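Remarks on the overall topology
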Amino acid sequence: MGIIPVVVFLVLAAIGLPIALVMIAAGLSGAISVGGIGFIEIIADRFYSGVAGFLLIAVPYFIFTAELMNRAKLTDRLVAFANSLFGKAPGALSHVNVIVSILFAGLTGAAVTDTVAIGKTLIPAMKREGYHADYAAAVTACSSIIGPIIPPSIIMVVYAATLRNLSLIDLFVAGLVPGLMMGGALLVVSGWISWRRDYASHTDIKFKHILSTGVRAFPALMIPVIILGGIVSGITTVTEAAGLGAIYALMVGVFGYRTLKLQDIVDSLVSTVKFSGVVFFLLGASTILGWYVVRSGIARSSAEFISMVSTVPIIQMFVVNALLIIIGMFIDVLPAIVIAAPALAPAMIQLGFDPLHFAVVMLLALNLGNITPPVGMTLMVGSKIAGVTYESAFRQSIPFIVGHLVVLVIASVFPQLILWLPNLVKNVF
Amino acid sequence: MAVKLQRISDIVNTVVIVLGVLFVMTMLILSTIGITYQLVFSSALTWSYSLTRLFLPWLAMLSVTVAFKSGEHVAISMAIKYLSPKMVRATQFLNLTFVGLFAVALIWYGLVFFENSTQLFMVSDTLQISHKWTALSIPVCGLIMCVHLLSGVSLVQHLDITTELD
């Protein structure tokens with residue numbers, strides 16, 4: 001890759017230009033350096049191609065579903081259901097926080113959205129039960145990042161749309177096991193800390209209570225089943241399933257829970273337009289930068305560089321993981337994907353790694369940036385809701401971050417953990 | 001004067017949001033028709049998918065302008081925090097210039113793209129729609145961005161999500 005696009009990228013990013021425009025400027029400067037000023041005309045064609053793919057119809061649908069579910073005051077029902085499962089375990093609400101994040105992951109798939117929805121309900125409740133506020137912020141933020149890994153997930157749609165040679169269905173299915181592993185790891189950490197600090201427990205577990213709260217939460221919990229079930233069974237395509245999920249969410253909110261008013265639906269639609277714009281801007285820009293990246297041979301150079309560091313596959317994977325974690329610390333997950341994926345994914349595939357395995361590992365590594373300084377948007381939101389400093393929330397997050405790192409290492413070392421479910425689904429359907 | 005210019009940008013943004021909402025609703029209705037037909041008759045209603053797809057570039061391009069106007073675009077603002085107010089102002093004007101260049105490029109090269117888009121979309125056997133209709137979304141997006149430049153530096157100020165929670 002020429003030096004000019006790199007300099008353009010770094011300088012414009014440093015002065016705070018929107019990252020999509022930074023990518024466009026870097027891509028165009030690269031295109032001009034390859035073929036002269038005339039190549040600037042790729043801006044229209046490439047941008048259009050980046051936002052017009054059929055698969056991308058799913059983007060506004062998934063966002064709309066998430067917006068509806070958040071406005072349908074779903075959190076209370078999910079919290080009541082999760083609460084019924086823990087009884088006298090120390091730190092019941094802390095575990096409830098993790099479980100609700102796993103359940104929410106199947107509904108929204110966006111970490112910051114989950115933190116706001118869950119945090120606004122659970123953080124005050126945890127504080128009332130005597131939890132440290134910074135711990136409440138930490139467990140909420142750290143568990144919310146399960147959202148983008150368990151399908152449906154907007155970052156997975158963006159990854160598949162950016163690379164175009166990976167099945168989104170496979171990616172969705174592949175995210176399930178690592179997502180549940182993240183939940184398991186966080187429950188272990190939450191259990192250990194709660195036991196040591198003697199955080200509050202609740203009353204005995206009663207089957208009748210689990211059943212009644214479960215029935216109330218059931219309609220909402222069917223959303224991921226409808227989306228994933230439809231896709232995996234082949235009854236619907238990804239875009240159809242996304243549309244079906246949105247319609248079902250609307251029906252549940254309006255007729256089932258009766259918590260969605262007309263104003264909520266209008267607000268959800270407006271938010272859908274706004275957030276879709278963020279995603280489409282990045283996608284259009286990434287196609288312009290990607291055009292240059294493909295022609296510059298950066299993927300080949302990256303592969304050569306990684307091989308130079310080590311010829312041992314697992315060390316190569318760890319080197320790339322470290323790089324991705326560093327990128328994630330400074331750039332939000334969505335732009336980080338569209339910047340890093342076109343360069344790193346082909347390089348890793350060239351080195352012999354499975355495309356699906358690497359995709360999930362990459363998403364896991366970049367996703368960590370949501371809870372690590374200096375950007376750590378999810379943790380910032382969690383600490384704001386809890387009314388504590390970002391630094392103290394980060395200190396409480398360290399054991400949870402270690403938990404996430406353990407999952408990342410396991411997912412990197414054992415590709416079969418990620419690949420067996422997509423393979424099984426392919427064989428069954 | 002500045003308030004009046006800002007008002008023009010706000011009005012255009014409201015119109016674009018309404019259009020975007022209508023597009024999302026139309027796409028959802030078309031998808032629902034397609035899915036229902038598929039589930040009931042076990043065969044695909046091809047025109048509903050083709051028609052839905054035609055709305056996507058328009059929704060995408062219009063929503064880009066809305067995200068931009070709302071300050072929801074993603075940027076790295078770490079370095080900016082360490083600059084003096086004067087330098088911050090200077091970088092904002094520089095950023096605004098880049099936005100302007102991007103908008104003009106979208107209009108200029110978008111019109112070229114529009115002119116060259118001669119192929120047809122097959123919505124159904126009897127209905128074909130020119131690619132020009134969707135290609136037009138590019139210069140229109142550029143034009144709307146130009147109107148938003150009237151908002152001045154507020155266009156390149158980023159939304160702080162933690163402030164929004166207050």
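Everything discussed here concerns the structure shown above.
Description of the structure in this document. (Residues numbered from 1 in each chain as written. Chains lettered and ligands numbered in written order. Predicted model: local features only at pLDDT ≥ 70, side-chain atom pairs only at ≥ 80, totals over all residues. Heavy atoms only, no water.)

1. Overview of the nonpolar core
Grouped together as the largest cluster of nonpolar side chains are 197 residues, with contacts concentrated most on A:Ile24, A:Tyr159, A:Phe281 and A:Phe358. For this core, the element with the highest residue contribution is helix α13 (residues 262-296) of chain A, accounting for 15 residues. Residues contacting A:Phe281, with those up to four places away along its chain left out, are A:Ala20, A:Leu21, A:Ile24, A:Phe47, B:Val64, B:Phe68, B:Phe102 and B:Met145. (Core = buried A, V, L, I, M, F, W, Y, C linked by side-chain atoms within 4.5 Å. Buried < 20%, exposed > 50% of the residue type's maximum accessible area, 1.4 Å probe, protein only. Helix = DSSP H or I, 4+ residues; strand = E, 2+ residues; numbered from the N terminus. Contact = heavy atoms within 4.5 Å.)

2. Details of the packing of aromatic side chains
Here the structure, examined in full by the defined rule, presents 13 aromatic pairs over all chains. Consider the rings of A:Tyr48 and B:Phe113, whose centres lie 5.2 Å apart with planes at 55 degrees: the pair is tilted. In this pair, A:Tyr48 is assigned in helix α3 (residues 42-51) and B:Phe113 in helix α3 (residues 85-116), connecting two distinct chains. Pair check on accessibility: A:Tyr48 and B:Phe113 agree, each one buried. Ring centres 4.3 Å apart and planes at 35 degrees place the aromatic pair A:Tyr131 and A:Tyr199 in the tilted group. A residue pair is termed long-range when its members are at least 10 positions apart, and A:Tyr131 in the loop between α7 (111-128) and α8 (133-144) and A:Tyr199 in the loop between α10 (168-197) and α11 (207-233) qualify at 68 residues. Members of the aromatic cluster, connected to one another through ring pairs, are A:Phe47, A:Phe281, B:Phe68 and B:Phe102. The aromatic ring of A:Tyr257 is capped on one face by A:Arg77, whose charged end is 3.8 Å from the ring centroid. (Phe/Tyr/Trp six-rings, centres within 6.5 Å; stacked < 30°, edge-to-face > 60°. Lys NZ or Arg CZ within 6 Å of the ring centre and 35° of its normal.)

3. Digging into the side chain of B:Lys69
Along the chain, B:Lys69 falls in helix α2 (residues 46-69). Residues contacting B:Lys69, with those up to four places away along its chain left out, are B:Gln6, B:Ser9, B:Asp10, B:Asn13, B:His148, B:Ser151 and B:Leu155.

4. Side note on the pattern of salt bridges
All names here are of chain A. This structure, assessed with the given rule, holds four salt bridges over all chains. Residues Asp45 and Arg46 are paired through a salt bridge, measuring 3.3 Å at the closest nitrogen-oxygen approach. Taking relative accessible area as the criterion, Arg46 reaches 22% and is therefore assigned partly exposed. One salt bridge connects Glu67 with Arg71, and the closest N-O pair in it is separated by 2.4 Å. Placement of both Glu67 and Arg71 in helix α4 (residues 58-71) is noted, with a separation of four residues, approximately one turn of the helix. Judged by its relative accessible area of 17%, Glu67 falls in the buried class. (Salt bridge = Lys/Arg side-chain N within 4 Å of Asp/Glu carboxyl O.)

5. Considering unusual backbone geometry
The peptide bond linking A:Pro151 to A:Pro152 adopts the cis configuration, its omega dihedral lying at -5 degrees. Backbone geometry places A:Asp198, a non-glycine residue, at a positive phi of 55 degrees. Counting through the fold element by element, A:Asp198 comes out in the loop between α10 and α11. One non-glycine residue, B:Ser42, lies in positive phi territory at about 55 degrees. Structurally, the position occupied by B:Ser42 is in the loop between α1 (2-41) and α2. Taking relative accessible area as the criterion, B:Ser42 reaches 61% and is therefore assigned exposed.

6. Here we look at the side chain of B:Ser63
Mapped onto the fold, B:Ser63 is located in helix α2. Given a relative accessible area of 0%, B:Ser63 falls into the buried group. The contacts of B:Ser63, once residues within four sequence positions are left out, are A:Val273, A:Ser276, A:Gly277 and A:Phe280.

7. Quick word on the environment of B:Leu54
Mapping B:Leu54 onto the fold places it in helix α2. Each C-alpha atom, one on B:Leu54 and one on B:Trp133, is 8.5 Å from the other, the two residues being 79 residues apart in sequence.

8. Observations concerning the interface of chain A and chain B
Quoted interface sizes are often the accessible area lost when the parts come together. Counting from both sides, the interface comprises 56 residues of chain A and, opposite them, 56 residues of chain B. Of the roughly 5000 Å² buried where chain A meets chain B, counting both sides, 82% is carbon and sulfur surface. In terms of surface lost to chain B, no three residues of chain A exceed A:Ile15, A:Tyr48 and A:Val273, which account for 14% of the buried area on that side. Run the count over chain A and chain B and you get zero salt bridges. For the pair chain A and chain B, the interface holds six residue pairs in polar contact (both at pLDDT 80 or more). The set of elements that each furnish at least two residues to the side of chain A that touches chain B consists of α1 (3-14), α2 (19-35), α3, α4, α7, α12 (238-256), α13 and α18 (377-386) of chain A. Within the side of chain A that touches chain B, the residues separate by chemical class into 43 nonpolar, six polar and seven charged. (Buried area = accessible area lost by both parts, 1.4 Å probe. Polar contact = N/O pair within 3.5 Å; in protein donor to acceptor, adjacent residues only side chain to side chain. Nonpolar A, V, L, I, M, F, W, Y, C, P; charged D, E, K, R; others polar.)

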